[in-house]
Amino acid sequence: MLNVTLEKQKNLMKVTFAGDLTKNIPLEELVGPPAPNMIINCRDLLRINSVGIRVWLRYFRMLAERRVHVTLQECPPSIVEHFNNISNFRGKAVVESILVPYRCIACKNGETILYTIEEIQERLPPVETKCGHCGKSSVFDDITQEYFRFTKEID
Ligand SMILES: [Zn+2]
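Residues numbered from 1 in each chain as written. Predicted model: local features only at pLDDT ≥ 70, side-chain atom pairs only at ≥ 80, totals over all residues. Heavy atoms only, no water.

(A) Expanded view of the overall build of the chain. Helix and strand content of the chain: five helices and ten strands. The C-alpha atoms of the chain give 16 Å as radius of gyration, which agrees with the globular expectation for 155 residues (15 Å, within 12%). Taken along the three principal axes of its C-alpha coordinates, the chain extends 45 × 35 × 30 Å. Per-residue burial over the chain gives 42% buried out of 155 residues. About 9000 Å² of surface is accessible on the chain, with carbon and sulfur atoms providing 49% of the total. (Helix = DSSP H or I, 4+ residues; strand = E, 2+ residues; numbered from the N terminus. Rg over C-alpha atoms; globule rule 2.2 N^0.38 Å. Buried < 20%, exposed > 50% of the residue type's maximum accessible area, 1.4 Å probe, protein only. Areas by Shrake-Rupley, 256 points an atom, 1.4 Å probe, with all protein chains shown as cover.)

Written as structure tokens, this is what we have:
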């Protein structure tokens, strides 16, 4: 199930998507009329399947048509994958930051670290970091050429 939370200010709407986007849900109705500026946080959006992708694409197409200025924050691996593989997945949205996945070699603990697109464009995140659980070596848990590919296409 997708949990949507909203915080409205004058011309700005902050939205968080959490849980699973795996069913054909009326996302436009759930979020309600968009504000001129929207910040969408996806940190806890765990899973999106082919049905969810269609819901997402429909929603972001609508936002683009209405010329809503959309910023996507803290996009997890489930979303980043589609930035790279589906053209127009982000519509006209600006991707501000993404979560970079690491996995510990010793204890297998999986973690994500937040990076802004600016930081990534300046320098790719390290391939290795310290496990927050056991302190041993935790390595980047994806393919560098794939995971960061979309950041090269952003100005
Ligand atoms: Zn560990």
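(B) Summary view of the nonpolar core. Within the largest apolar cluster, 42 residues are counted, with the highest numbers of intra-cluster contacts made by Phe17, Ile40, Trp56, Tyr59, Leu72 and Ile98. The element contributing the most residues to this core is helix α2 (residues 50-65), with seven residues. Setting aside chain neighbours within four positions, we find Phe17 in contact with Leu2, Asn3, Val4, Leu27, Val31, Ile40, Asn41, Cys42, Asp44, Leu45, Trp56 and Tyr59. (Core = buried A, V, L, I, M, F, W, Y, C linked by side-chain atoms within 4.5 Å. Contact = heavy atoms within 4.5 Å.)

(C) A look at the coordination of the zinc ion. Only Cys104 (SG), Cys107 (SG), Cys131 (SG) and Cys134 (SG) from the protein coordinate the zinc ion, and they sit 2.3 Å from it. Note that the zinc ion binds four donor atoms; their angles at the metal cover 101 to 115 degrees, and the shape is tetrahedral. Summarised as a motif, the one-chain spacing of the donors to the zinc ion is C-x2-C-x23-C-x2-C. Highlighted residues: Cys104 in strand β7 (residues 97-104) and Cys134 in the loop between β9 (128-130) and β10 (137-140), separated in sequence by 30 residues. Judged by relative accessible area, Cys134 falls into the partly exposed class, the value being 35%. (Donors = N, O, S within 2.8 Å, 3.2 Å for Na, K, Ca; no water. Tetrahedral: all angles 85-135°; square planar, octahedral: opposite > 155°, others 65-115°.)

(D) Representation of the pattern of salt bridges within the structure. One pass over the full model with this rule turns up four salt bridges. Between Glu74 and Arg43 there is a salt bridge, with the nearest N and O atoms lying 2.3 Å from each other. Here Glu74 is found in the loop between β5 (69-73) and α3 (77-85), whereas its partner Arg43 is found in the loop between β3 (37-41) and β4 (45-48), with 31 residues between them in sequence. Between Arg103 and Asp141 there is a salt bridge, and its shortest N-O distance comes to 3.3 Å. Taken together, the residues span a long stretch of sequence, with Arg103 in strand β7 and Asp141 in the loop between β10 and α5 (144-147) at a distance of 38 residues. On the basis of relative accessibility, which here comes to 37%, the residue Asp141 falls in the partly exposed class. (Salt bridge = Lys/Arg side-chain N within 4 Å of Asp/Glu carboxyl O.)

(E) Looking closely at α2. Compared with an ideal rise of 1.5 Å per residue, which puts 16 residues at 22 Å, α2 spans 23 Å between its outermost C-alpha atoms and is within 8% of the ideal. Buried within α2 are the following residues: Gly52, Ile53, Val55, Trp56, Tyr59, Phe60, Met62 and Leu63. Buried residues belonging to α2 abut β2 (12-21), α1 (27-31), β3, β4, β5 and α3. The residue sitting at the N-terminus of α2 and contributing the capping side-chain oxygen is Asn49; that oxygen lies 3.1 Å from the backbone nitrogen of Val51. (Expected span 1.5 Å × (residues − 1). Polar contact = N/O pair within 3.5 Å; in protein donor to acceptor, adjacent residues only side chain to side chain.)

(F) Focus on the side chain of Ser97. By the secondary structure assignment, Ser97 is in strand β7. For Ser97, the side chain forms a polar contact with the main-chain nitrogen of Glu74, separated by 3.0 Å. If we ignore the near neighbours within four places in the chain, the residues touching Ser97 are Leu72, Gln73, Glu74, Cys75, Leu114, Tyr115, Thr116 and Ile117.

(G) Layout of the packing of aromatic side chains. The tally for this structure, following the rule as stated, stands at ten aromatic pairs. The interplanar angle of 65 degrees and the centroid separation of 6.0 Å between the aromatic rings of Phe83 and Phe89 together place this pair among those described as edge-to-face. Between Tyr102 and Phe140, the aromatic rings sit 6.3 Å apart at their centres with planes inclined by 70 degrees, giving edge-to-face as the arrangement. Of this pair, Tyr102 sits in strand β7 while Phe140 sits in strand β10, placing them 38 residues apart in sequence. Phe140 sits in the buried class, given a relative accessible area of 12%. Of the aromatic side chains, those joined through ring pairs into one cluster are Phe17, Trp56, Tyr59, Phe60, Phe83, Phe89 and Phe150. (Phe/Tyr/Trp six-rings, centres within 6.5 Å; stacked < 30°, edge-to-face > 60°.)

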